[in-house]
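# Coordinates in review
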Amino acid sequence: MKYVFIVNPASGQGGHEADLAPEIRELIAGNPNRDIRLFYTKGERDATVLADMIAAESSEEVVIFACGGDGTIQEVANGIHGHDNAILGVVPAGSGNDFVRELSKKRSNTKDYRKLHEIFSGVPAKIDLIRMSWIEGGVEKTRYITNGINIGFDGNTAILAHDLKKLPLVSGTGSYLLAVARNLVLKKGQKLRITADGKDFHTGELLLVTAANGGFCGGGVQSCPNADLSDGLIELLAIKDVSRLRFVSLFPKYKAGKLMDIRDFDDMASYTQAKSIIIEPMLGPTMRFVGDGEIFETGTLRISIEPKAIRVLKV
């Protein structure tokens, strides 16, 4: 078994040379009989290229650790997809770390994924991936998502939080909450046509819609509490165009994963689980949104689940 660490030095507001990298080098020095290597990314999609190359060139099983945030995990997952010998490892070093919250929800604390000495006793498990595709320049584009897609208020908030978390002393959750406050003033949602498994799900104005594999977004907001990374289903939640005051009153329950417990849930939101989803923008030819924290702009978006698509190392 080989172990490879791919570190994104830009994630989590940087600082990896003073924190994470020394831990990895200490692990390498303390295990001279194991094949452990360290790589750094230098730009966008580097982790995908590195993971693909490493998996393709390895003649044995290899655990490739995404050392960064949800975007870095997504990149490594896309790189190992299709390589049966590769296993996704996670070392949370981002601002939000939402995927690892779901990964550890029923097993252990997220902090366990920073205990590098425990990786050798980790157990691989198969998980689903969300496949999203769209047409760009007449060509179909495809990307796999590990955690979730957020459009409307949530997506706009995540896009703003992406900029805010670059500020000093602003955490992942802190940047999300600041962005929530800012976007409540603007109250920017979306107007979409959504079908789920061939049936109409929503048409018209809405505050937000989430298509998720995992249950968390925005640095710990449990938007989809029924999520399961290996159930072969996509969580689909849409909150209608409710007032600012109404959303402010609902946000604590939304953050805590208790939104579906409120009496009038069906009056202000829609929820289902599906295997395929189509989302069409109605305000223009394209829409901006985030997938695993990465910003996208597309026209019609086709989403489907790929069950048990990759293996992930659970500790």
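Being a predicted model, the structure only gives us computed values, none of them experimental.

This part covers the sheet that holds strand E11 (residues 234-239). Pairing within the open sheet is antiparallel, and its six strands lie in the order E12-E11-E10-E7-E14-E15. Looking along the sheet, the strands with just one partner apiece sit at the ends: strand E12 (269-274) and strand E15 (294-298). Each neighbouring strand pair of the sheet contributes to a mean axis angle of 20°, computed without reference to strand direction. Where strand E7 (residues 148-152) and strand E10 (residues 208-212) come together, five bridges link them in antiparallel fashion. Following the sheet pairing, Ile149 is matched in E10 by Ala211.

Following the criterion strictly, the structure yields seven salt bridges and no others. In this structure, Glu23 and Arg114 form a salt bridge, with 3.5 Å as the shortest nitrogen-oxygen distance. Remark: Arg114 occurs in the loop between helix H4 (98-103) and strand E5 (123-136) and Glu23 occurs in helix H1 (residues 20-30); sequence separation between them is 91 residues. Glu23 gets classed as partly exposed once you look at its relative accessible area, which sits at 28%. Of the charged contacts, one joins Glu280 and Arg193 as a salt bridge, the two residues approaching to 3.9 Å between their closest N and O atoms. Highlighted residues: Glu280 in strand E13 (residues 276-281) and Arg193 in strand E8 (residues 190-196), separated in sequence by 87 residues. Glu280 sits in the partly exposed class, given a relative accessible area of 24%.

Where two aromatic rings form a pair, the distance of their centres and the angle of their planes describe that pair. Summed over the entire model, instances satisfying the criterion amount to seven aromatic pairs. With a centroid separation of 6.3 Å and an interplanar angle of 55°, the aromatic rings of Phe247 and Tyr254 are classed as tilted. For Tyr254, a relative accessible area of 1% gives the class buried. An aromatic cluster is built from Trp134, Phe289 and Phe296, whose rings are joined through pairwise contacts. Positioned over the ring face of Phe120 is Arg34, at 3.9 Å from the centre of the ring.

Cut-off values and rules
- Residues numbered from 1 in each chain as written.
- Predicted model: local features only at pLDDT ≥ 70, side-chain atom pairs only at ≥ 80, totals over all residues.
- Heavy atoms only, no water.
- Pairing = 2+ DSSP bridges.
- Helix = DSSP H or I, 4+ residues; strand = E, 2+ residues; numbered from the N terminus.
- Axes fitted to C-alpha atoms, helices over the stretch in contact; angles between N-to-C directions.
- Salt bridge = Lys/Arg side-chain N within 4 Å of Asp/Glu carboxyl O.
- Buried < 20%, exposed > 50% of the residue type's maximum accessible area, 1.4 Å probe, protein only.
- Phe/Tyr/Trp six-rings, centres within 6.5 Å; stacked < 30°, edge-to-face > 60°.
- Lys NZ or Arg CZ within 6 Å of the ring centre and 35° of its normal.

These values are about where atoms sit, not about what they do.
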